[in-house]
There are 6 protein chains.
Amino acid sequence: MAIVYVTRVERFNAAHKLWVEEWSEEKNFSFFGKCANKNWHGHNYRLEVTVKGTPDPQTGFVIDAKKLGDIMKREITEKLDHMNLNLDVDFIKDVQPTSENLTILIWQQLVTHIKGCELASVKLYETENIFAEYKGE
Amino acid sequence: MAIVYVTRVERFNAAHKLWVEEWSEEKNFSFFGKCANKNWHGHNYRLEVTVKGTPDPQTGFVIDAKKLGDIMKREITEKLDHMNLNLDVDFIKDVQPTSENLTILIWQQLVTHIKGCELASVKLYETENIFAEYKGE
Amino acid sequence: MAIVYVTRVERFNAAHKLWVEEWSEEKNFSFFGKCANKNWHGHNYRLEVTVKGTPDPQTGFVIDAKKLGDIMKREITEKLDHMNLNLDVDFIKDVQPTSENLTILIWQQLVTHIKGCELASVKLYETENIFAEYKGE
Amino acid sequence: MAIVYVTRVERFNAAHKLWVEEWSEEKNFSFFGKCANKNWHGHNYRLEVTVKGTPDPQTGFVIDAKKLGDIMKREITEKLDHMNLNLDVDFIKDVQPTSENLTILIWQQLVTHIKGCELASVKLYETENIFAEYKGE
Amino acid sequence: MAIVYVTRVERFNAAHKLWVEEWSEEKNFSFFGKCANKNWHGHNYRLEVTVKGTPDPQTGFVIDAKKLGDIMKREITEKLDHMNLNLDVDFIKDVQPTSENLTILIWQQLVTHIKGCELASVKLYETENIFAEYKGE
Amino acid sequence: MAIVYVTRVERFNAAHKLWVEEWSEEKNFSFFGKCANKNWHGHNYRLEVTVKGTPDPQTGFVIDAKKLGDIMKREITEKLDHMNLNLDVDFIKDVQPTSENLTILIWQQLVTHIKGCELASVKLYETENIFAEYKGE
């Protein structure tokens, strides 16, 4: 009963800023630098979702990668694509939209929709040089 | 006197939206789709600038790629990075911030700073799947 | 009236083989090597289509990249994706399905559908290390 | 005695289809979609093999990456490249050639050839957006 | 108290060779092949450093990725970039500069500078096809 | 008689430094910066060679990409891979080994070996962010 990990990649483009309401403007700029620009900035995000399970003896699938992609689009990227992550998304309200927090929130959105195998990792690239990963720990 | 093309890549992350002031909200959404989201969206832009010229017989340089990078940073990416392309950048005011228009505007900003060789192309990737190029034609 | 080039990337996965009917089996294997395997092989193809034109003064578009993508999907990638390029595609019948020939055939399929700007290039990556480009010359 | 993981990447291009013999044609197409095309489709596969071990005090090698590459070519990619994964490969016979199953089968082919360190992971990219990994669990 | 992994990528370009002083020239060339070329060769190295920790409730950061990048530059890439890894770097003296050994040495340089979270992985790409990873095991 | 461009990519890893013998040490470091390090530095070079011609009516080839790869390996990458570009390569002697000069020299080495079609471009990536191209102009 071998365990195999299957990963699917989807993408979305969004605006955000980093800002702590309780802090002064000066402290926000000092801490977050250009990420605190009031007029927002944005990214092309790359989302990698990994599930683990045993391949079905007939189909050879741990999960149908097309169906995993459909879940990721319906639950996540169609809600986030071309949106403002601070303002437009129900499940991100009142949370700082860093890549770290986004991986946890995306995990919470996806976990009940993965059937017949187990969610193993949510990885989010903010740029090609910075990414965060949450494994449910 | 061989002609060689030298290209340097820099990057910036920015927010924007596409919107024609003279149009109704309905027409804007119908034409631009999600790109018209009032709360903005954003991209990781990849900027490729190409110059052409003859390599110096001693140094072998058409241009010092480090200096070309410094010009690109000083004139373009430090002004655009983590900015809102509709609101924050002097040389983009009153122009629709599509990749097409950005390549022309970036060319105009750079062309007087390239010395000893000739600006040949400004190429801008909005995503890995969509890019625009202006060659001064 | 600046001229800008806009490129859109789409992808498809297909099977093919290279084989000249007039040649013996021996000559086919000698010339095409493993590409002549009778049971087919396949590739993840990356298709880049470039158009040229002047950005519209209001919208900033040479072409709506989403519409260009829709044309590429409808006319090309939905017909080629997960297909056998020797057997399954009407517009490739009786032509050797090399990347070279595919770029010409794809150009012919697309050229009448590009309105308001001009088709400039069809580039097809067979692998990340081999690609062909046709510019209508 | 530090443990270091060393990974080597090789590539192969192959055709396959997904099909369950016990199912009707209708059920196959309903379940596998375009992947069930009888005339096959194909991919550029990217194979990443990781071994773990302690670097040799003199050579600094966990494994000679060139030798790991030679094993991967001899045992795997030379047997799979430009082949039909359903028909042409001894060690894939009677198994659904999904990426999931391929990672397990490739592990089984490689594991006895890795000497002086331990096989840790076989990862196979079917496209840049879908990949499977088997870690011997 | 969710645990999230944050990764930052930096790059450096360096020369090196692989050579065991205690071995004859013949044995060195036989074992290391072209990597033993006395006049050196070189690589564009890609360095990925991963830390793990709990996102701060206010800032959403496990670590400020900019600060992680500054540590990586100050402690590692500014010391290695455009250097000879056998001759020019204090902390690599008397160790074979393989990617395996470099990951361990880079870990040792970085570990005391990571505050408020934990160093989890140092991954070094020597080429796009060969990389090593050390996780402190 | 359509003209199609075919490109093949090969890679090599090499050491070099930039230095003008007629200049003082101070002037060399002031002009070339870290590229003048006496102990050398190095790169993973990516070489793209493009030929142009008409696809053969039977084979569909402008050139057999495998044969183009063989020429590139025999004439260029086997001579440059794991070498010192200032010291070890006959056809680079007495020329500053910048990417600009290398594209011209590689063109001169290749041009007589391309038969039945025409050499159109030699493009050399020194890093993913800096590259040079020579088109025989």
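Residues numbered from 1 in each chain as written. Chains lettered and ligands numbered in written order. Predicted model: local features only at pLDDT ≥ 70, side-chain atom pairs only at ≥ 80, totals over all residues. Heavy atoms only, no water.

Draft legend 1. Spatial organisation of the overall build of chain A. Helix and strand counts for chain A come out as three helices and five strands. Along the three orthogonal principal directions, the C-alpha set of chain A runs to about 60 × 25 × 25 Å. Split into buried and exposed, the 137 residues of chain A put 63% on the buried side. Counting every atom, chain A has about 5,600 Å² of accessible surface; 48% of that belongs to carbon and sulfur. Looking at charge distribution, chain A has the averaged site of its 17 positive side-chain charges lying 4 Å from that of its 21 negative ones. (Helix = DSSP H or I, 4+ residues; strand = E, 2+ residues; numbered from the N terminus. Buried < 20%, exposed > 50% of the residue type's maximum accessible area, 1.4 Å probe, protein only. Areas by Shrake-Rupley, 256 points an atom, 1.4 Å probe, with all protein chains shown as cover. Lys, Arg positive; Asp, Glu negative; His and termini not counted. Charge placed at Lys NZ, Arg CZ, Asp CG, Glu CD.)

Draft legend 2. Representation of the state of the cysteines within the structure. For the structure shown, the criterion picks out zero disulfides over all chains. Of all cysteine sulfurs in the structure, the one in E:Cys117 sits closest to A:Cys35, which takes part in no disulfide; the separation is 17 Å. (Disulfide = S-S within 2.5 Å.)

Draft legend 3. Region of interest: helix 2 (residues 65–80) of chain A. Helix geometry: helix 2 of chain A is bent most strongly at A:Lys73, by close to 50 degrees. Along helix 2 of chain A, the residues classified as buried are A:Ala65, A:Leu68, A:Gly69, A:Ile71, A:Met72, A:Glu75, A:Ile76, A:Thr77 and A:Leu80. For helix 2 of chain A, the secondary structure elements touched by its buried residues are strand 1 (4–16), strand 2 (41–53), strand 3 (83–84) and helix 3 (99–110) of chain A together with strand 5 (130–134) of chain D. You can read the cap of helix 2 of chain A off the contacts: a side-chain oxygen lies 2.9 Å from the backbone nitrogen of A:Lys66, and it is on A:Asp64. Positive backbone phi, at 60 degrees, marks A:His82, one or two positions downstream of helix 2 of chain A. (Bend = angle between axes of the 7 residues up to and from the residue. Contact = heavy atoms within 4.5 Å. Polar contact = N/O pair within 3.5 Å; in protein donor to acceptor, adjacent residues only side chain to side chain.)

Draft legend 4. Broad picture of the relation of the copies chain B and chain A. Its rotation angle being 180 degrees, the transformation that places chain B on chain A also includes 0.0 Å of axial translation and leaves an RMSD of 0.0 Å. Taken together, the rotation and translation describe the operation of a two-fold axis. (Least-squares fit on C-alpha atoms with pLDDT ≥ 70 in both.)

Draft legend 5. Inspection of the interface of chain B and chain A at higher detail. Contacts between the two partners involve 22 residues from chain B, matched on the other side by 22 residues from chain A. For the pair chain B and chain A, the summed buried surface comes to about 1,800 Å²; carbon and sulfur atoms form 45% of the total. A per-residue breakdown of the area chain B buries against chain A is headed by B:Lys34, B:Asn44 and B:His82, which together make up 32% of the total. At the junction of chain B with chain A, the criterion picks out four salt bridges. The salt bridge partner of B:Glu128 is A:Arg11, with a shortest N-O separation of 2.7 Å. Inspection of the region where chain B meets chain A yields 19 residue pairs in polar contact (both at pLDDT 80 or more). Taken together, the elements giving at least two residues each to the side of chain B that touches chain A come down to strand 1 (4–16), strand 2 (41–53), strand 3 (83–84) and strand 4 (118–127) of chain B. Its residues assigned to classes, the side of chain B that touches chain A comprises six nonpolar, 10 polar and six charged. (Buried area = accessible area lost by both parts, 1.4 Å probe. Salt bridge = Lys/Arg side-chain N within 4 Å of Asp/Glu carboxyl O. Nonpolar A, V, L, I, M, F, W, Y, C, P; charged D, E, K, R; others polar.)

Draft legend 6. Inspection of the layout of surface pockets at higher detail. All names here are of chain E. The calculated volume of the second largest pocket comes to roughly 520 Å³. For the second largest pocket, the lining is made up of 23 residues, of which Trp-19, Asp-94, Val-95, Gln-96 and Pro-97 are closest to its centre. Residue composition of the lining of the second largest pocket, grouped by class: 12 nonpolar, five polar and six charged. (1 Å grid on protein atoms, 1.4 Å probe; cavity = no way out; pocket = protein on both sides within 12 Å on 5 of 7 lines; lining within 4 Å. Points joined across faces, edges and corners; volume = space filled by probe spheres on them.)

Draft legend 7. Quick look at unusual backbone geometry. Phi at A:Asp94 is positive, roughly 65 degrees, even though this residue is not glycine. At C:Trp40, a residue that is not glycine, the phi angle is positive and equals roughly 75 degrees.

Draft legend 8. Representation of the pattern of salt bridges. Residues and elements named next belong to chain A. The final tally for this structure, using the stated rule, is 54 salt bridges over all chains. The partner of Asp-70 in a salt bridge is Lys-66, and the shortest N-O contact between them spans 3.2 Å. A residue pair is termed a helical-turn pair when its members lie 3 or 4 positions apart in one helix, as Asp-70 and Lys-66 do in helix 2 at four residues. Its relative accessible area of 32% is what places Asp-70 among the partly exposed residues.

Draft legend 9. Molecular detail of the packing of helix 2 of chain A against helix 3 of chain A. All names here are of chain A. At a minimum axis distance of 10 Å, the contact between helix 2 and helix 3 shows a crossing angle of 140 degrees. With respect to helix 3, the axis of helix 2 lies oblique. The interaxial crossing formed by helix 2 with helix 3 has right-handed handedness. Of the residues in helix 3, those touching helix 2 at Ile-71, Met-72, Glu-75, Ile-76 and Lys-79 are Ile-106, Gln-109 and Leu-110. Classifying every residue of the contact of helix 2 with helix 3 by side-chain character gives five nonpolar, one polar and two charged. (Axes fitted to C-alpha atoms, helices over the stretch in contact; angles between N-to-C directions. Parallel < 35°, antiparallel > 145°, perpendicular 65-115°, else oblique. Left-handed = near helix turned anticlockwise from the far one by under 90°.)

Draft legend 10. Molecular detail of the pairing of strand 2 (residues 41–53) of chain D. All names here are of chain D. Strand 2 sits mainly inside the fold: 11 of its 13 residues count as buried. One ladder, built from seven bridges, connects strand 2 with strand 4 (residues 118–127); its direction is antiparallel. Its bridge partner lying in strand 4, Val-51 is registered against Leu-119. (Pairing = 2+ DSSP bridges.)

Draft legend 11. Expanded view of the side chain of E:Ser99. Relative to the assigned elements, E:Ser99 resides in helix 3 (residues 99–110). Other than its neighbours up to four places away in sequence, E:Ser99 contacts E:Tyr45, E:Leu124, E:Glu126 and E:Ala132.

Draft legend 12. Layout of the pairing of strand 4 of chain B. All names here are of chain B. For strand 4, the buried fraction is high: nine of the 10 residues fall into the buried class. Where strand 4 and strand 5 (residues 130–134) come together, five bridges link them in antiparallel fashion. In the sheet register, Lys-123 faces strand 5, and the bridge partner there is Glu-133. In this structure, the hairpin formed by strand 4 and strand 5 is closed by a connection of two residues.

Draft legend 13. Molecular detail of the packing of aromatic side chains. Considering all chains together, one arrives at 54 aromatic pairs over all chains under this definition. Centroid distance B:Phe61 to F:Phe32: 5.6 Å. Interplanar angle 80 degrees. Geometry classified as edge-to-face. Remark: F:Phe32 occurs in helix 1 (residues 25–32) and B:Phe61 occurs in the loop between strand 2 and helix 2 (65–80); the pair is interchain, linking two chains. Judged by relative accessible area, which is 14%, B:Phe61 ranks as buried. (Phe/Tyr/Trp six-rings, centres within 6.5 Å; stacked < 30°, edge-to-face > 60°.)

Draft legend 14. Fine view of the environment of A:Val122. All names here are of chain A. By secondary structure assignment, the location of Val-122 is in strand 4 (residues 118–127). In sequence terms Val-122 and Ile-3 are 119 residues apart; their C-alpha atoms lie 18 Å from each other. When sequence neighbours within four positions are dropped, the list of residues in contact with Val-122 reads Leu-47, Glu-48, Thr-103, Ile-106, Trp-107, Ala-132, Glu-133 and Tyr-134.

Draft legend 15. Quick peek at the arrangement of the chains. Note that chain B does not reach chain E: the shortest distance linking a C-alpha of one to a C-alpha of the other is 14 Å. Nothing in chain D touches chain F, and the closest approach of their C-alpha atoms is 14 Å.

Draft legend 16. Quick peek at the environment of B:Asn44. Tracing the sequence through the fold places B:Asn44 in strand 2. Its relative accessible area of 16% is what places B:Asn44 among the buried residues. Distance from B:Asn44 to B:Asp70, taken between C-alpha atoms, is 19 Å for residues 26 residues apart in sequence. A distance of 2.8 Å separates polar atoms of two side chains, one belonging to B:Asn44 and the other to A:His43.

Draft legend 17. View of the confidence of the model for chain A. With 100% of its residues at a pLDDT of at least 70, chain A reaches an overall mean of 98. Interface confidence for the predicted complex, given as ipTM, is 0.97, next to a pTM of 0.97. (pLDDT = per-residue confidence, 0-100.)

Draft legend 18. Main features of the side chain of E:Thr103. With respect to the helices and strands, the residue E:Thr103 is situated in helix 3. Polar side-chain contacts of E:Thr103 include one of 2.6 Å to the backbone oxygen of E:Glu100. Once residues within four sequence positions are removed from consideration, E:Thr103 is found in contact with D:Val4, E:Val122, E:Leu124, E:Ala132, E:Glu133 and E:Tyr134.

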